[in-house]
Amino acid sequence: MDGKIKHVAADGSVVILDAHPTIKNHATLALRQWTTMDSGGQNRGDSTVLLHVSHSNLARHFHELRLDLHMTVGALKDKLRSHTGTGSAHAYLTLLDDSNQPIADMDDDSRMLGYYSPYDGCTVHITDLDPYSLAANGGLDNVNLVEKYEISEEDYMKRNDNFRKFKEMKQKKDPTWSISKEMKMREYARLKKLDPSWEPPPEPVKVVIDDPEHQKEEADAIVVGMRCQVKIGKRRGEVKYVGRVEGVGLGFWVGVQYDEPVGRNDGKAKGTAYFECPPGYGAFVRPRSLRVGDFPERGLDSEPSDDEEDDDEGGDGGGGGGGGAEE
C-alpha cells in the first residue's frame with residue numbers, strides 16, 4: 001500500500017498507519033495517528049495545509065506547521081524566519097513530497113503557496129544562502145559553541161550574594177543545614193500557610209550502630225569468592241572482601257563486585273582500597289543484606305524470577321553510606 005504501513009499490535013490486531021518522513025517506529029506512529037486524527041472538533045480552514053519544515057543548517061525539523069495556501073512565498077519566508085533565523089533574502093525554498101523527493105523550487109516570492117499544490121505531509125526545505133548565517137556550522141544547534149560566562153575565584157568571592165557565603169551563614173545558625181533541608185523547610189512553610197492546621201510528618205528514626213562487632217556472626221559465614229545476590233534489587237555478583245570498612249560504619253561489611261555496572265565504586269571506600277574491580281561495579285553491603293550460594297551470572301535476556309527472594313529488611317540504618325556502602 002502506497003504511503004501506508006501495516007502494524008501488528010500486541011493483541012494481534014492489524015492497524016494501518018500513515019507513513020511519516022521522519023518517524024519510523026511503528027508504536028510512535030500509531031500514537032501520533034491516534035492523537036492527531038481528525039475528530040471534526042478542530043477548526044481548520046479549507047485553505048489550510050499542514051507542512052513540515054527542514055533547514056540546510058539545522059538538525060531539527062519543524063513538524064506540521066499550519067499554513068494558508070493563499071499566502072505568498074515571500075510571506076512564507078517571513079513566517080519561517082522566526083523559526084529558523086534565516087532572512088527572507090537568503091532563504092531558498094524547495095517543496096518535497098512525503099518521501100522527501102523534490103516537487104518544485106519555490107523561487108517566485110510573488111506566487112501563492114497553493115500554486116505549488118502542497119498537501120498534508122509535504123516538507124518545505126530551506127536552503128540558507130547566507131555565508132554569515134548564525135545557523136551555519138551548528139551555530140543555532142550546538143550549545144557547545146555558545147560562549148559561556150566565566151568568573152575567577154577571586155571575583156566570585158568578592159560577591160556578597162554567592163552560594164558559599166549563603167551556605168556559611170546558614171551553617172553558623174544550623175550546623176546540620178543542607179540545601180535539601182532548606183527546600184524541605186520551605187515546602188513545609190508553604191503547606192502550613194495554605195492550611196494552618198497542617199503538621200509535618202514525623203522524621204524517620206535513624207538507628208546508629210555503635211557495636212564494632214555488628215553482624216560479625218553473619219560475616220563469618222561468608223567467604224571471599226562466593227557467588228551472592230543482594231536482596232534488594234536482586235543484583236548478583238561475587239564476594240571480594242569481608243571485614244570492617246573504616247569511615248563507613250561500625251561492624252562488618254561485604255565487598256561485592258557486581259556482574260553489571262550497578263555498583264557505586266571500584267572497591268575503594270574513603271580512599272582506601274579493599275578490593276579491585278572496574279569503576280561502577282563495586283559496593284559494600286551489610287552481611288544480612290545479601291545471600292550467598294548458587295547464583296550464576298544471568299544472561300543478557302534473563303530477568304529475575306518471581307520466586308526469587310526479595311527481602312526489604314536489608315537496611316539497618318547505621319553509620320552512613322560513604323564510599324558506596326549499601327546498608
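Refer to the structure printed above.
About the thresholds
- Residues numbered from 1 in each chain as written.
- Predicted model: local features only at pLDDT ≥ 70, side-chain atom pairs only at ≥ 80, totals over all residues.
- Heavy atoms only, no water.
- Pairing = 2+ DSSP bridges.
- Helix = DSSP H or I, 4+ residues; strand = E, 2+ residues; numbered from the N terminus.
- Axes fitted to C-alpha atoms, helices over the stretch in contact; angles between N-to-C directions.
- Contact = heavy atoms within 4.5 Å.
- 1 Å grid on protein atoms, 1.4 Å probe; cavity = no way out; pocket = protein on both sides within 12 Å on 5 of 7 lines; lining within 4 Å.
- Points joined across faces, edges and corners; volume = space filled by probe spheres on them.
- Nonpolar A, V, L, I, M, F, W, Y, C, P; charged D, E, K, R; others polar.
- Phe/Tyr/Trp six-rings, centres within 6.5 Å; stacked < 30°, edge-to-face > 60°.
- Buried < 20%, exposed > 50% of the residue type's maximum accessible area, 1.4 Å probe, protein only.
- Salt bridge = Lys/Arg side-chain N within 4 Å of Asp/Glu carboxyl O.
- Patch = residues over 30% accessible without salt bridge, like charges linked within 9 Å, V, L, I, M, F, W, Y side chains within 5 Å.
- Areas by Shrake-Rupley, 256 points an atom, 1.4 Å probe, with all protein chains shown as cover.
- Expected span 1.5 Å × (residues − 1).
- Arc of directions from axis to C-beta.

J.: What exactly am I supposed to notice about the pairing of strand E9 (residues 236-243) here?
T.: Consecutive residues of a regular strand have side chains that alternate between opposite faces of the sheet. Where strand E8 (residues 227-230) lies against E9, 3 bridges are found, and the strand directions are antiparallel. When the bridges of E9 are listed, Gln229 appears paired with Arg236. Between E8 and E9, which pair antiparallel one after the other, the connecting turn spans 5 residues, and Gly233 there sits at a positive phi close to 90 degrees.

J.: In this structure, what is going on with the sheet that holds strand E4 (residues 62-68)? I would like to understand it.
T.: Backbone hydrogen bonds are what pair the strands of a sheet, in a parallel or an antiparallel way. Taken in spatial order, the 5 strands line up as E4-E3-E7-E5-E6 in an open sheet, and their pairing is mixed. Here the strands that pair on one side only, and so sit at the sheet edges, are E4 and strand E6 (102-106). Sheet twist, expressed as the mean angle between neighbouring strand axes with direction ignored, is 35 degrees. Pairing analysis gives 5 bridges linking strand E3 (residues 48-55) to E4, with the strands arranged antiparallel. Looking at the pairing, Val53 lines up with Phe62 of E4. Its contacts with the sheet place helix H2 (residues 73-84) against E3, E4, strand E5 (91-96), E6 and strand E7 (123-128), and it is angled at close to 145 degrees to E4.

J.: Can you walk me through empty space enclosed by the protein in this structure?
T.: To find the voids left in a structure, one rolls a probe of water-molecule size over its atoms. A full pass over the atoms with the stated rule returns 1 cavity of 30 Å³ or more. In this model, the largest cavity occupies a volume close to 40 Å³. Forming the boundary of the largest cavity are Lys77, Leu80, Arg81, Thr84, Thr86, Ala91, Leu93 and Ile126. At the level of elements, H2 and E5 are the ones that each hand at least two residues to the lining of the largest cavity. Looking at the lining of the largest cavity element by element, the count peaks at 4 residues for H2. Broken down by class, the residue content of the lining of the largest cavity amounts to 4 nonpolar, 2 polar and 2 charged.

J.: How do you make sense of the packing of aromatic side chains when you look at a structure like this?
T.: Describing an aromatic ring pair means giving the distance of the ring centres and the angle of the ring planes. Per the counting criterion, the structure on display carries 8 aromatic pairs. With 5.1 Å between their ring centres and 90 degrees between their planes, Tyr115 and Tyr116 make a pair best called edge-to-face. Among the residues examined, Tyr116 registers a relative accessible area of 8% and is labelled buried. Ring geometry for Phe163 and Trp177: centres 6.5 Å apart, planes at 45 degrees, overall tilted. With Phe163 in helix H4 (residues 163-173) and Trp177 in the loop between H4 and helix H5 (179-194), this residue pair connects regions lying 14 residues apart in the sequence. A relative accessible area of 41% means that Phe163 is categorised as partly exposed.

J.: Which parts of the structure should I look at to understand the pattern of salt bridges?
T.: All told, the structure shown has 17 salt bridges when counted by the stated rule. The partner of Lys77 in a salt bridge is Asp109, with the nearest N and O atoms 2.9 Å apart. Residue Lys77 is located in helix H2, and its partner Asp109 is located in the loop between E6 and E7; the two are separated by 32 residues in the primary sequence. Owing to a relative accessible area of 38%, Asp109 belongs among the partly exposed residues under this scheme. Of the charged contacts, one joins Lys216 and Asp220 as a salt bridge, the two residues approaching to 3.0 Å between their closest N and O atoms. Pair noted here: Lys216 and Asp220 are both in helix H6 (residues 216-220), with a separation of 4 residues, about one helical turn. Residues participating in the shared-partner salt-bridge network are Glu154, Asp155 and Lys158.

J.: How should a nonpolar patch on the surface be read in this particular structure?
T.: Judged by side-chain polarity, Val8, Val14 and Ile16 come together as a nonpolar surface patch covering roughly 250 Å² of accessible area. When you line up the elements, Val8 lands in strand E1 (residues 4-8). For Val8, a relative accessible area of 51% puts it in the exposed group.

J.: Please explain H2 as it appears in this structure.
T.: For an α-helix the count is 3.6 residues per turn, leaving residues at separations of three or four pointing the same way. Across its 12 residues, H2 extends 16 Å between first and last C-alpha, which sits within 8% of the 16 Å expected from 1.5 Å per residue. Within the span of H2, buried status applies to Val73, Gly74, Leu76, Lys77, Leu80 and Thr84. One face of H2 carries all of its buried residues, which in axial projection span an arc of 145 degrees. If you follow the buried residues of H2, they end up packed against E3, E4, E5, E6 and E7. Looking one or two places after H2, you find Gly85, whose phi comes out positive at around 85 degrees.

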